[in-house]
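The lines below spell out each chain.
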Amino acid sequence: MIEFVNGTLALFGDPTAVMIFGFGLIGGMLFGAIPGVNMLTLGAVLLPFTINMAPNHAVMLFSVIYCAGVFGGAITAILFNIPGAPENAPTCFDGYPMTVQGKSGKAIGAAVSCSAIGGVASAVVMMAATPLIAGWAVRAFGPQEIFALIFFGLAVSASVGAETLWKGWLSVFAGLLIATIGTDPVGGVPRFNGGSVMGFEFSSYYLSAGIHFIPMILGFFAVSEVFVQAMSIAEGKRKRPKASLEFPSLVEFWSVRFTMLRSMVLGFFAGILPGIGATLAAFLGYSQAVRWSKTPERFGKGELAGVVASETANNSATGAAMIPLLALGLPGGALTAMIMGIFQIHGMEPGPLIFINSSDLVWVTFAAMFWANLCIVFLGWLQTKTVVHILNVPFRWLAPGILLLATIGAFALRNLTIDVWVMFLAGAIGFFLRRTGYSAAGIVLGLILGKLGESAFAKSMQLMDYDVFGFFSRPIAAFLLIAALLTVASSIWNEVRGRELQKALID
Amino acid sequence: MSSSDNRPDGQTLTVSIGPLFSTPVLEWLFWLMLAGMVYALTDNFDEPIAEYQFGASGWPRVLCAALAFGATAQLFYKLTRKRPGPEEPSGKSADQANEVAPPILSLRAKLQRAGVFATPFVYLYVMPEIGFYVATPFFILAILLLLEVRSIKALTSVTAVVYGLVLLIFTRFFYVALPVGRIESFYDLNNWIIAFVRTGM
């Protein structure tokens, strides 16, 4: 506690630190909200300038950008069905339908509050138990557990957004298959980027890098939304959503308390695991909210709990992601890898000794993350009062801007036109997916987790000498696999018995 | 065949989606063909990897099998579920009976729909040739026209504002190296626009 107070005093007692804190907060939110750029863009631009900064200022800046950036993407997800980052994709499922129903204020209000709550809770646990949790998580989670967790994540998320269980699984399999394009993760063998089929020769240098999930997300959500709205304009059926400034009431928050708590726990544990992070956290949080809800049929049609689940989980993952970085020197994602780079630039090595050698730096970072998450409430409230007015602009005027933002976002990723082709193709496919009951979310989830899952499976097989039952000799892996198998079995049982399954993101 | 999409705001979009998914059998055939084609493609990289006995093609092949299994399970489920009950002698479910008939679209509306889908691809096709900076204002105009914006004032002002903002954000503030075209005159024009926007930087 004393360390936290000292960290807070060090942060707010230093005008330079306060300026950097404010810059990181606003910059992270803005970059998180614009699809063409993201918090990684801001991080990459700022990284060289950190050489001349004090190490505690530099690490604090990136930590604040991380917290604010994860929240920032929720705004465009809710207002325009464009997730600013992959971890905001599940926010679209209910956030955008709420906007269509004229409840954008409530959706953004819920996103703001839950991001803050998730982030603050995560920061508190991070402060209390970093060395303990990091040591446990990294020792206990090997490739077997990571594969089992991914399998569990896919099992519980498969039916999200799909009309039936089968369509959900087919969507996930299609996503996993798309993820195999590029190179094999074990031996680096090129896959699906050249050869012949039925006498037809083809070769593509660009496919060697694989299909990136960002153009797919932009296509499935943003471009297909423009297509859908354009069709309804052509048919004369489109109604403009009303801008609303109404925040969720305390009663509404109370009604989603368990969703919030569940997403907090799920987000936290997903955040600790290297490479899993906020994206799976958000999907897991959302799918579990659907699973435990008494009214699952309302998800995907503008259910407040959907926004709450996704945004609480993804922000809970931010504090958790700092745990393996600070305690063990293991970055879990791109932004935490940049923070690792800052440590190295300044001649420091994150790890257990950092709590002894650079205690000031650690506590200023912890305090900054805590206060950044609290500030999200205030800044988010301001955003709610201002940004929702964009909805008063006719959609037909916004559509070219949305398409251009998506185009630039897809292109800027790797400077490849093929990414833009992929995005528009995904947009056209997404348009038909919405009408045939398949799940765009399932494809995206399969694509995001596919490579990681295959890599974890291959490593597990090598470690277990190709004995599949070896998974069951490790308690956590066994627990997750059994839970996943039970989930699949119960879903099939429900489907066969003709019960109405959760139907989210059809529209 | 048509499909109804009940939107959250109470609107019902009814869109004809063509014969591709008109029956569960065709849907099954689509997935089987996809899985079969992908499986055939795996032969191109079916090579062993040292210390990994499943090789590069093992994982994609399992996924192809899973796709085929999922599609077959879906077909089985749909066929068994679609059997007419005694109370439905015609074989139509209540949902099908209540389904709204798709609107008959005029040729203009059909062309408008086709245009909405085709325009982004045309834009993408010409962009590497004539450059992003030249193609974009025409793209914005085309989309606005397809979305039934007819006022000259709206067309010019929206194009100017959107194009201006894109130039300001992605060329002046955060330089994103967008395509400048392969045709010489367009290449020069694109570079002139970039130089103009970045004047003083």
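The paragraphs below set out a description of the structure included in this document. Numbering of residues starts from 1 in every chain and runs along the sequence as written. Whichever chain is written first becomes A and whichever ligand is written first becomes 1, with later ones labelled in order. Per-residue local features of the predicted model are confined to residues with pLDDT of at least 70, and side-chain atom pairs are confined, for both listing and counting, to 80 or more; whole-chain, interface and lining totals are unaffected and use all residues. Calculation of side-chain values draws on the structure's entire complement of heavy atoms; hydrogens and water are dropped beforehand.

Note on definitions: salt bridges are taken to be side-chain nitrogens of Lys or Arg within 4 Å of carboxyl oxygens of Asp or Glu. Counted by the stated rule, this structure contains eleven salt bridges over all chains. Its salt-bridge partner being Glu-303 of chain A, residue Arg-298 of chain A comes within 3.1 Å of it at the nearest N-O pair. Within this structure, Lys-167 of chain A together with Glu-27 and Lys-78 of chain B form a network of salt bridges that share partners.

Residue and element names in this part refer to chain A. Lines fitted to C-alpha atoms define the axes here, with helix axes fitted over just the stretch in contact, and angles between the N-to-C directions of these axes take values from 0 to 180 degrees. Helix and strand definitions follow DSSP, with helices as H or I runs of at least four residues and strands as E runs of at least two, each counted in order from the N terminus. Interhelical geometry of helix H7 (residues 143-157) versus helix H19 (residues 440-463) gives an angle of 145 degrees and a closest axis separation of 8 Å. The two elements H7 and H19 cross, and the hand of that crossing is left-handed. Within the contact between the two elements, H7 uses Pro-143, Gln-144, Ile-146, Phe-147, Ile-150, Gly-153, Leu-154 and Ser-157 and H19 uses Leu-445, Gly-446, Leu-449, Leu-452, Gly-453, Ala-456, Phe-457, Lys-459, Ser-460 and Leu-463. Side-chain classes follow a simple rule in which Ala, Val, Leu, Ile, Met, Phe, Trp, Tyr, Cys and Pro form the nonpolar group, Asp, Glu, Lys and Arg form the charged group, and the remainder, Gly included, forms the polar group. Of the residues assigned to the contact of H7 with H19, the class counts are eleven nonpolar, six polar and one charged. Crossings are classed by handedness, with left-handed meaning an anticlockwise turn of the near helix from the far one by less than a right angle and right-handed meaning a clockwise turn. Here a residue-residue contact requires only that any non-hydrogen atoms of the pair lie within 4.5 Å.

What follows is about the nonpolar core. Soluble globular proteins tend to pack their nonpolar side chains together in the buried interior. What we call a nonpolar core is a set of buried Ala, Val, Leu, Ile, Met, Phe, Trp, Tyr and Cys residues that are connected through their side-chain atoms within 4.5 Å. Only protein chains enter the calculation, and the probe is 1.4 Å; a residue is then buried if its accessible area is under 20% of its type maximum, exposed if over 50%, and partly exposed in between. Of all hydrophobic cores here, the largest spans 214 residues; its most connected members are Met-60 and Phe-220 of chain A together with Phe-132 and Tyr-133 of chain B. For this core, the leading source of residues is helix H4 (residues 55-80) of chain A, giving 18 residues. What Phe-220 of chain A contacts, discounting residues up to four positions off in sequence, is Ala-426, Gly-427, Ile-429, Gly-430, Leu-433, Arg-434, Ala-440, Ile-443 and Val-444 of chain A. Grouped together as the second largest cluster of nonpolar side chains are five residues, Ala-270, Ala-278, Ala-281 and Ala-317 of chain A included.

Moving on, we get to the environment of Val-112 of chain A. As for its position among the elements, Val-112 of chain A is in helix H6 (residues 104-140). In this structure, the C-alpha to C-alpha distance between Val-112 of chain A and Phe-247 of chain A, residues 135 residues apart in sequence, is 10.0 Å.

It is worth spelling out the interface of chain B and chain A at this point. Facing 72 residues of chain B, the contacting portion of chain A comprises 80 residues. As used here, buried area is the combined drop in accessible area, with a 1.4 Å probe, of two parts when they are placed together. For the chain B and chain A pair, buried surface summed over both sides reaches about 6,900 Å², with 77% attributable to carbon and sulfur atoms. Of all residues in chain B, Trp-59, Phe-117 and Leu-147 of chain B bury the most surface against chain A, accounting for 10% of the area lost on that side. Along the contact surface separating chain B from chain A lie one salt bridge. Across the pair Glu-27 of chain B and Lys-167 of chain A runs a salt bridge whose closest N-O atoms are separated by 3.8 Å. Throughout this description, a polar contact denotes any pair of N or O atoms lying within 3.5 Å of each other; where both atoms belong to protein, one of them has to be capable of donating a hydrogen while the other can accept it, and for residues adjacent in sequence the pair is counted only when both atoms sit in side chains. On inspection of chain B and its partner chain A, the count reaches six residue pairs in polar contact (both at pLDDT 80 or more).

The next point concerns the side chain of Thr-171 of chain B. Residues and elements named next belong to chain B. Of note, Thr-171 is situated in helix H6 (residues 152-173). Residue Thr-171 is classed as buried on the basis of its relative accessible area, which comes to 1%. Polar contacts involving the side chain of Thr-171 include one to the side chain of Tyr-133, which spans 3.3 Å. Excluding its chain neighbours within four sequence positions, the residues that come into contact with Thr-171 are Tyr-133, Val-166, Ile-194, Val-197 and Arg-198.

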